Amino acid sequence: MKVFSTVLIFTILSLSSSMLNAQQDNVTKECAEFISQEYISDGQAYWALLTKDDVAEFQTTLFGGNTYRVAACSATKVAVIFKILDQEKNELFSSNDFGNVPYWDFIVEGTLTVTIEATLDKTRNTDSGHAVLLIGFKK
Amino acid sequence: MFLAFAGFSLLLTSCEESSTTQNPDTAIADTVKVSTSGTFLLDGEIFSIPSPVQTALLLKKEKVNFQQDLLNPVENRGKYLTEVQKAMNLGVYGADLAFVSCQDNAQLSMNYFDAVGKLSADIGILDNIDKSFVQRFMDNAGEGDSLIALNADFYRAGDRYLKDNKNTKTAVLILLGGWVESLHLAINSAAGNAAILQRIGEQRDAVTSLARLTASLDDPGLIDLKKNLSELSQVFADLKSTYEYKQPIVDAQKQRTFLTSKTVVTMDTDQLAEIAGLVDAIRKNIIQ
């Protein structure tokens, strides 16, 4: 009985993990549609399991002379609000100022170290969801 | 703000403990955690490493002379026997492939893609990502821009696979190899070129992140590399940097913002020589 329970738990966990990966795959593919053929992926994948009160953030370098596209999506179709802050925490952009638009382009004059923050739209009725954020740069 | 990450970090610790019994090699004291964002989380901070493709495109834009002897020869691939060597050189060959893809040399591109394909198969990535990459690459062998985009998509798919499977050690080492190779190519193309020199100086945040990430990996094959990377990080930290904030300019109709703030990094010839020496030592450690 104990063996059966262990197998059952393992199976449920494995299926949950597979479903989670499939969900992330789907939302990543959907989000990649926003990174059009004009843009090249930065080669990394950023995703987060967010509750409505969480903020996911990471630091990256935007090199001068480049145009970047940042796209943000969620598996639950709830808008992901993304912000870009400079090294002094000045807000350079918030998608919330533009109707929670899913992607935006940034024409970068001089190289910047920025922090990108992502949150779920708190005005929508959701407890949590997977958020995907993709970055591309123009060819 | 970091509460969510801290909570998730604890969860991942238990996941990694369970994976230790299944795959000892990938779990060797791997103290870097995958964060909730899929980037790397270390001491509450999350990192993103610049793509080698961006350096390749800068070298193309600056019309630097192509020097094949700067690349890691594909014949070296057979020398890499450990998972650490394979992962780092997968990054190295990826950066070389990006550089070669800008040269309109289909045969050389195929040779480097072959090396990338074989190393990624060796460490279990190729069987777990979209198989169409290989066919698409062969179909576009003569199309430099398509190859660069495919290269980037391929590495993103690999990055996703490794992070999904909590194999942060391999993901870090691939990024490290790619970053070191692209910096090596930039340094050896920089003579008299202000744009490339500036780009080299702008790697400070990347080297800081990579030094911290790599320091947390416990592997006897990484001792010298970690020491050199730590020294390199210190040299970059000593570079003079100034930041000037300017109000961004928004073009809402075209969904774009002009970011006009900028950082300027100043590097003298002694500092460049020191960086070049350390990058050379790190690269030799990786490719030999």
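This write-up is about the structure you can find in this document. (Residues numbered from 1 in each chain as written. Chains lettered and ligands numbered in written order. Predicted model: local features only at pLDDT ≥ 70, side-chain atom pairs only at ≥ 80, totals over all residues. Heavy atoms only, no water.)

Describing the packing of aromatic side chains
Logical step 1: Taken as a whole, this structure holds twelve aromatic pairs over all chains when the rule is applied.
Logical step 2: Both rings, one in tyrosine 46 of chain A and one in phenylalanine 58 of chain A, keep their centres 4.5 Å apart while their planes meet at 10 degrees; by these two values the pair is stacked. Here phenylalanine 58 of chain A lies in strand 3 (residues 56-62) and tyrosine 46 of chain A lies in strand 2 (residues 46-51), a separation of twelve residues in the sequence. For the pair tyrosine 46 of chain A and phenylalanine 58 of chain A, a shared accessibility class is recorded, and that class is buried.
Logical step 3: Taken together, the aromatic side chains of Phe82, Phe93, Phe98, Trp104 and Phe106 of chain A make up a single cluster linked through ring pairs.
Logical step 4: Here the guanidinium or amino end of arginine 199 of chain B rests over the ring plane of phenylalanine 63 of chain A, the centre of that ring lying 4.2 Å away. (Phe/Tyr/Trp six-rings, centres within 6.5 Å; stacked < 30°, edge-to-face > 60°. Helix = DSSP H or I, 4+ residues; strand = E, 2+ residues; numbered from the N terminus. Buried < 20%, exposed > 50% of the residue type's maximum accessible area, 1.4 Å probe, protein only. Lys NZ or Arg CZ within 6 Å of the ring centre and 35° of its normal.)

Let's talk about the state of the cysteines
Residue and element names in this part refer to chain A.
Logical step 1: Under the defined criterion, the tally for this structure stands at one disulfide over all chains.
Logical step 2: Put simply, cysteine 31 and cysteine 73 are joined by a disulfide, and their sulfur atoms are 2.2 Å apart. One quick way to see it: the torsion about the S-S bond of cysteine 31 and cysteine 73 is about 85 degrees, and its sign makes the bridge right-handed. In this pair, cysteine 31 is assigned in helix 1 (residues 2-32) and cysteine 73 in strand 4 (residues 66-74), connecting sequence segments 42 residues apart. Cysteine 73 shares its class with cysteine 31; the two are buried. (Disulfide = S-S within 2.5 Å.)

Some words on the interface of chain A and chain B
Logical step 1: Facing the 52 residues of chain A at the interface are 50 residues of chain B.
Logical step 2: Summing both partners gives a buried area of about 4700 Å² for chain A against chain B, and 57% of it is carried by carbon and sulfur.
Logical step 3: Along the contact surface separating chain A from chain B lie zero salt bridges.
Logical step 4: The tally of links between chain A and chain B comes to twelve residue pairs in polar contact (both at pLDDT 80 or more).
Logical step 5: Pairing analysis gives four bridges linking strand 7 (residues 103-108) of chain A to strand 6 (residues 256-259) of chain B, with the strands arranged parallel. (Contact = heavy atoms within 4.5 Å. Buried area = accessible area lost by both parts, 1.4 Å probe. Salt bridge = Lys/Arg side-chain N within 4 Å of Asp/Glu carboxyl O. Polar contact = N/O pair within 3.5 Å; in protein donor to acceptor, adjacent residues only side chain to side chain. Pairing = 2+ DSSP bridges.)

Treat this as a map of the structure, not an account of what it does.
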